[in-house]
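# Results of the structural survey
As a plain string of letters, each chain reads:
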Amino acid sequence: MCSIAAPEVFGSDELGHATVLIPGDVPAELHRKVRRAQANCPEDAIIIEE
Amino acid sequence: MTTLEENAGPVNDPTTDYNIFDPEFVRDPYPTMHEIRESKCPIAHSDRWGGSWLPTRYGDVVAIAQEHEIFTSREIIVTPRPAGQVEGPYAGVAAPPISSDPPDHHWHRRLILPVFAPQSVAKYEQGTRDLCNQLIDKFIDRGEADAGTDYAQQIPVRVIATMLGVPIEMSDEFTSWVRGVLELGLTDPKVRLESRLKILTFFQKQLEDRKQNPRENDLITDLLNSGDKYPVTDQYVLGVCNLMLVAGIDTTWSAIGSSLWHLAQHPEHRQQLRAHPDLWPTAIEELLRAYSPVTMARIVDRDTEFQGCPMKAGDRILMSFPAANRDPRQFENPDDVILDREHNRHVAFGSGIHRCAGSNLARLELRVALQVWLERIPEFSLIDPASVTWAGGQVHGPRICRVRF
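Cut-offs used in this document
- Residues numbered from 1 in each chain as written.
- Chains lettered and ligands numbered in written order.
- Predicted model: local features only at pLDDT ≥ 70, side-chain atom pairs only at ≥ 80, totals over all residues.
- Core = buried A, V, L, I, M, F, W, Y, C linked by C-beta atoms within 7 Å.
- Buried ≥ 20, exposed ≤ 12 C-beta atoms within 10 Å, placed from the backbone.
- Helix = DSSP H or I, 4+ residues; strand = E, 2+ residues; numbered from the N terminus.
- Contact = placed C-beta atoms within 7 Å.
- Nonpolar A, V, L, I, M, F, W, Y, C, P; charged D, E, K, R; others polar.

The biggest cluster of nonpolar side chains holds 106 residues, and the ones touching the most others in it are Val 61, Cys 241, Leu 245, Leu 260, Met 319 and Ala 369 of chain B. Considering every element that reaches this core, the biggest residue donor is helix α15 (residues 234–265) of chain B, with 18 residues. Leu 260 of chain B has contacts with Ala 147, Ala 152, Trp 373 and Cys 401 of chain B, leaving out every residue within four places of it along the chain. Ala 6, Val 9, Phe 10 and Ala 37 of chain A belong to the second largest nonpolar core, which has eight residues in total.

Shown next, in the form of structure tokens:
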């Protein structure tokens, strides 16, 4: 789900498990997409540190 | 307590006597779910169909899904098999990993996940698009079609047959076997057993064939050859094939059918999708939320109290993902389909360790099926809303759904 909402930030490994693609801080222009990914993650697995 | 006759009769209070196969509940379960959810017993109980609990609030369904040590997956079908039914050589064959509990669950799931990863299922997109176009070619000149049997029903079975490397020409037989297990068989133990034996006998022959003639890039061959990594048995491979057929067909077919049924009645949503194609990802999630097809069962491992309910070892719990996904505590205006819904942590694919392994494939099929339909048939409506027929119980969705265009 996160890789659909924010494909620039989230990908998936060979098992289909989510991975974070970019190291460090998320660029400001992607914040909205990441918040959307967070709000839609069915496992509530995304934590945003600000 | 396994037949329709034994379990028929009017339901006075759904919190103590719900009947998941009541014709009205099968057609439109949401009012009953709301009644239970807002009552003093949001986790209802009924003695019908061998007895079960029915949690209807999002938080309870998710909590039970996460507590997999107490709420086990040793049986996942919503009605029990009759005691003493003889299954012959296939008695131990289940449907791993959905029917597995830890610790085996881990490797049962690990082995099949790679074929369902987003990058793996992407290769089925063009084939699915071609298939959808071919199906529409057959009826587009008629000006009407059955969106259920002519279209939705035909798509997932062919995608799954392709994945499993089994003959696509047998699609009608596969469909009939799966309905025998998940629809008709739930209220008719004889049909359920016969259908199950047909599926397992068919796949046993496929296994024998792959052992004699191994294939390249073939799921069954690859699973059979995974013994160096995990303790793979024929019974496991047979179970996986069983699961992929049974779980991969009726479910996605129902999601496609429900979505078309919805779009047939909502010209504003057809228009919205045409004008804003960037809405597709959220629209797909919203349709999955509002029309979640699947209810799974759990079996209570040991006596436990959950939210004040005294659950006994062996009790069955119906994990109504459709009810959870319409809980106003979790979703604003849950009965409205809002194609650009911002917050949608739906559990159409379940939650926790048994979350649907095929969700990426299901999403792809649903999106492509709806996109191709709307490209070819932008305007359509139900011919007779009252004549739409529905399946329910384990999987909820329309079966006959005639539309004109």
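Now that the structure has been shown, we can carry on.
Where burial is concerned, most of helix α17 (residues 280–290) of chain B is hidden: eight out of the 11 residues are buried. Among all positions in α17 of chain B, only Ala 283, Ile 284, Glu 285, Glu 286, Leu 287, Leu 288, Arg 289 and Ala 290 of chain B are buried. Along its buried surface, α17 of chain B packs onto α2 (31–40) of chain A together with α15, α16 (267–275) and α19 (359–376) of chain B.

What follows is about the environment of Leu 224 of chain B. Residue and element names in this part refer to chain B. Tracing the chain through its elements places Leu 224 in helix α14 (residues 219–224). For Leu 224, a count of 18 C-beta atoms within 10 Å corresponds to the partly exposed category. For the pair Leu 224 and Leu 263, spaced 39 residues apart in the sequence, the C-alpha separation amounts to 43 Å. Residue contacts for Leu 224: discarding those within four places in its chain leaves Leu 207, Arg 210, Lys 211 and Val 237.

Contact with chain A, which involves 13 residues of that partner, is made by 17 residues of chain B. At the level of secondary structure, the elements contributing two or more residues to the side of chain A that touches chain B comprise α1 (2–5) and α2 of chain A. Element by element, the count of residues in the side of chain A that touches chain B is highest for α2 of chain A, at three residues. Looking at the side of chain A that touches chain B residue by residue, the classes come out as five nonpolar, four polar and four charged.

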